[in-house]
Amino acid sequence: ARKAAEAAAAEAAEADEMQVESVGRCMGEMGDGVEVAGMEEGFFGSWDKAVVITSMSGFTLVRYANFNDEDGSRLEDWVETSRVRPLPPHHPLVASELVAGMHTHELFLNGGWWLVSYVGK
């Protein structure tokens, strides 16, 4: 049982390293624009613009573009690096690309991207 637990822990650590490395390569360097997955109530399913301040040990400190702290300054928060992705390329919406049914899409609304399903006209 101990060997299985050690193997599982090593596998999880390796997966975390790969994920952080992968995301880190995509993010670029400090100051780059990114999007952060919203996990809090009312924001789950959204992707919000932010700027990377620093990263360490699987976490990234970001400064949100559209959220302010209580003192009026831009909100800064440590988030899991797995919740961070590069900004999407500019791609105008083409109605013919929407597919009704089980496919999910992203809709830009209120300063963030939201996962939505297109159900038709």
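Placed above this text is the structure.
Residues numbered from 1 in each chain as written. Predicted model: local features only at pLDDT ≥ 70, side-chain atom pairs only at ≥ 80, totals over all residues. Heavy atoms only, no water.

(A) Expanded view of the overall build of the protein chain. Across its full length, the protein chain carries 1 helix and 7 strands. For the protein chain, the sequential pattern of α-helices and β-strands runs α-β-β-β-β-β-β-β. Excluding contacts between residues fewer than 6 apart, the proportion of contacts in the protein chain whose partners are at least 24 apart in sequence is 34%. Taken as a whole, the protein chain presents about 8,800 Å² of accessible surface, with 58% of it coming from carbon and sulfur. (Helix = DSSP H or I, 4+ residues; strand = E, 2+ residues; numbered from the N terminus. Contact = heavy atoms within 4.5 Å. Areas by Shrake-Rupley, 256 points an atom, 1.4 Å probe, with all protein chains shown as cover.)

(B) Main features of a nonpolar patch on the surface. A surface patch of nonpolar side chains, about 330 Å² in accessible area, is lined by M56, F59 and W78. You can see F59 is positioned in strand β3 (residues 59–68). For F59, a relative accessible area of 40% corresponds to the partly exposed category. (Patch = residues over 30% accessible without salt bridge, like charges linked within 9 Å, V, L, I, M, F, W, Y side chains within 5 Å. Salt bridge = Lys/Arg side-chain N within 4 Å of Asp/Glu carboxyl O. Buried < 20%, exposed > 50% of the residue type's maximum accessible area, 1.4 Å probe, protein only.)

(C) Spatial organisation of the packing of aromatic side chains. In the structure shown here, the tally under the stated rule is 2 aromatic pairs. An angle of 90° between the planes, with centres 5.4 Å apart, marks the rings of F43 and F67 as edge-to-face. Of the two residues, F43 sits in the loop between β1 (33–37) and β2 (46–56) while F67 sits in strand β3, which places them 24 residues apart along the sequence. Residue F43 is classed as partly exposed on the basis of its relative accessible area, which comes to 33%. F67 gets classed as partly exposed once you look at its relative accessible area, which sits at 24%. One aromatic cluster is present, built from ring pairs that chain together F43, Y64 and F67. (Phe/Tyr/Trp six-rings, centres within 6.5 Å; stacked < 30°, edge-to-face > 60°.)

(D) Spatial organisation of the pairing of strand β4 (residues 74–80). When β3 meets β4, the two strands line up antiparallel, connected through 6 bridges. For L61, the partnering residue across the bridge sits in β4 and is W78. Here β3 folds back onto β4 in antiparallel fashion, the turn holding 5 residues, of which G72 has a positive phi close to 95°. (Pairing = 2+ DSSP bridges.)

(E) Quick peek at the pattern of salt bridges. Summed over the entire model, instances satisfying the criterion amount to 3 salt bridges. Across the pair R85 and E35 runs a salt bridge, and its minimum N-O distance is 2.8 Å. With R85 in strand β5 (residues 84–86) and E35 in strand β1, this residue pair connects regions lying 50 residues apart in the sequence. As far as the burial class goes, R85 and E35 line up, both buried. One salt bridge connects R63 with E76, and the closest N-O pair in it is separated by 2.8 Å. Of this pair, R63 sits in strand β3 while E76 is found in strand β4, placing the two residues 13 residues apart along the sequence.

(F) Broad picture of the nonpolar core. Counting residues in hydrophobic clusters, the biggest one holds 8 residues: V34, V36, A50, V52, V62, Y64, V79 and V84. Aside from chain neighbours lying at most four places away, what touches Y64 is V36, D48, K49, A50, R74, L75, D77, V79 and R83. (Core = buried A, V, L, I, M, F, W, Y, C linked by side-chain atoms within 4.5 Å.)

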